[in-house]
Amino acid sequence: MRERFGRWRFERGLKSCRAADIDLLRSYADAEWPSRDTPIHEARLIALDFELDGLGPRAHVLQAGWLPVTTRGIEIGGACSIDVRSMRRLDADAVTVHGIGEDRAQSGEALQDVASRFLRDLAGRVVVAHGASIEIEAIRRISKALFGIAVPVRSICTLALERRLSPNRIGNDGYRLAAARKRYNLPDYQQHDALSDALAAAELFLAQLTRMAPVPRLGSLETW
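Thresholds, definitions, all that
Residues numbered from 1 in each chain as written. Predicted model: local features only at pLDDT ≥ 70, side-chain atom pairs only at ≥ 80, totals over all residues. Heavy atoms only, no water. Helix = DSSP H or I, 4+ residues; strand = E, 2+ residues; numbered from the N terminus. Rg over C-alpha atoms; globule rule 2.2 N^0.38 Å. Lys, Arg positive; Asp, Glu negative; His and termini not counted. Charge placed at Lys NZ, Arg CZ, Asp CG, Glu CD. Buried < 20%, exposed > 50% of the residue type's maximum accessible area, 1.4 Å probe, protein only. Pairing = 2+ DSSP bridges. Expected span 1.5 Å × (residues − 1). Arc of directions from axis to C-beta. Contact = heavy atoms within 4.5 Å. Salt bridge = Lys/Arg side-chain N within 4 Å of Asp/Glu carboxyl O. Phe/Tyr/Trp six-rings, centres within 6.5 Å; stacked < 30°, edge-to-face > 60°. Lys NZ or Arg CZ within 6 Å of the ring centre and 35° of its normal. Core = buried A, V, L, I, M, F, W, Y, C linked by side-chain atoms within 4.5 Å.

Draft legend 1. Layout of the overall build of the chain. Across its full length, the chain holds nine helices and six strands. Relative to a compact globule of 224 residues, whose C-alpha radius of gyration would be 17 Å, the chain shows 17 Å and is just as compact. Projected onto its principal axes, the C-alpha coordinates of the chain cover approximately 50 × 40 × 35 Å. Between the centroid of the 32 positive side chains of the chain and the centroid of its 29 negative side chains there is a distance of 6 Å.

This is the structure:
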């Protein structure tokens, strides 16, 4: 039922994008979207991470990082890492985590320019992220504020997959990105840098696929 509702909401969101008088949104909606029966090795994916000023409903994006992924590998040449301009007073606790202070935030690129870039790159692709609901809700909130439409996004959450693959761990710490990567003998990376975290999630996803047989279909991996 949840998947059916999610797909209905996604298609409804695309319909709203097509009806908008905005080329960016119409192009996004008209992209070639994969069916749920697409073998995962044929799907076009994109790993994405945002660094936010906290986790509250009004938190804003300070940095965005993304890069295309297929099961054949990670397309480093398509990687983007962009600081997003913010003139707000930043949450001190969040600054401690991501290290982006107010001076750096004020010199970032305009949110609308960054959003236009990642929406062009996301068109026709399924987002891969660790804790993907954070990125999905941020995109919906940003696009609603900028364009008047909450752009729908399809996603694969590596955190949710890890809970399926390693279901008996107690607490949440064992499912964090760095902890999950250790179980696949993946190297340590700098955390809380958007592009580094996107790359880390992409590598984790490819490693998780090695524990799945037969080759899964896209629909069995998506999170709704």
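Draft legend 2. The arrangement of the pairing of strand 1 (residues 45-52) in detail. For strand 1, a buried count of eight out of eight residues is recorded, marking the element as mostly surrounded by other parts of the structure. Covered by surrounding structure in strand 1 are Leu45, Ala47, Asp49 and Glu51 together with Ile46, Leu48, Phe50 and Leu52, the residues of both alternating faces. With eight bridges joining them, strand 1 and strand 2 (residues 61-70) adopt antiparallel strand pairing. Paired with glutamate 51 across the bridge in strand 2 is glutamine 63. In terms of strand pairing, strand 1 meets strand 5 (residues 126-129) through three bridges, oriented parallel. Bridge pairing links leucine 45 to valine 126 in strand 5.

Draft legend 3. Examining helix 6 (residues 132-147) more closely. With 16 residues, helix 6 extends 22 Å between its outermost C-alpha atoms, agreeing within 8% with the 22 Å of an ideal straight helix rising 1.5 Å per residue. Buried residues of helix 6: Ala132, Glu135, Ile136, Ala138, Ile139, Ile142, Ser143 and Phe147, and no others. Seen from one end, helix 6 has its buried residues packed into an arc of 160°, which puts them on one side. The exposed residues of helix 6 that point more than 90 degrees off its buried face are Ser133 and Ala145. Contact partners of the buried residues in helix 6: helix 2 (23-29), strand 1, strand 2, helix 5 (111-122), strand 5 and strand 6 (155-157).

Draft legend 4. Structural detail: the pattern of salt bridges. Overall, the coordinates contain 13 salt bridges when judged by the stated rule. Note that arginine 36 and aspartate 37 form a salt bridge whose closest N and O atoms lie 3.8 Å from each other. Judged by its relative accessible area of 47%, aspartate 37 is partly exposed. Between arginine 154 and glutamate 222 there is a salt bridge whose closest N-O contact spans 2.8 Å. In this pair, arginine 154 sits in the loop between helix 6 and strand 6 while glutamate 222 sits in the segment after helix 9 (194-209), placing the two residues 68 residues apart along the sequence. When its relative accessible area of 4% is taken as the criterion, arginine 154 is described as buried. Under the relative-accessibility criterion, glutamate 222 is labelled buried at 8%.

Draft legend 5. Just helix 9, in detail. Over its 16 residues, helix 9 runs 23 Å from end to end, which matches the ideal 22 Å to within 8%, given 1.5 Å per residue. Burial of helix 9 is extensive: 14 of the 16 residues sit out of reach of the surface.

Draft legend 6. Up close: the packing of aromatic side chains. Under the counting rule described, the total for this entry stands at six aromatic pairs. On the numbers, 5.2 Å between centres and 65° between planes, the contact of tyrosine 28 with tryptophan 33 is edge-to-face. Judged by relative accessible area, which is 2%, tyrosine 28 ranks as buried. Here the aromatic cluster, defined as three or more aromatic residues joined through ring pairs, consists of Phe10, Tyr28, Trp33 and Trp224. Directly above the ring of phenylalanine 10 sits arginine 154, whose terminal nitrogen or CZ lies 5.7 Å from the centroid.

Draft legend 7. Focus on the pairing of strand 4 (residues 80-83). Residue alternation in strand 4 divides its side chains into a buried set, Cys80 and Ile82, and an unburied set, Ser81 and Asp83. Alignment of strand 2 against strand 4, held across four bridges, turns out to be antiparallel. From the neighbouring strand, glycine 65 faces strand 4, where its bridge partner is serine 81.

Draft legend 8. Local environment of the nonpolar core. With 39 residues, the main nonpolar core has Leu25, Tyr28, Phe50, Trp66, Phe118, Leu119 and Ile139 as its most contacted residues. By residue number, the principal contributor to this core is helix 6, which donates six residues. Counting residues in hydrophobic clusters, the runner-up holds 18 residues, among them Ile40, Leu45, Leu209 and Leu218.

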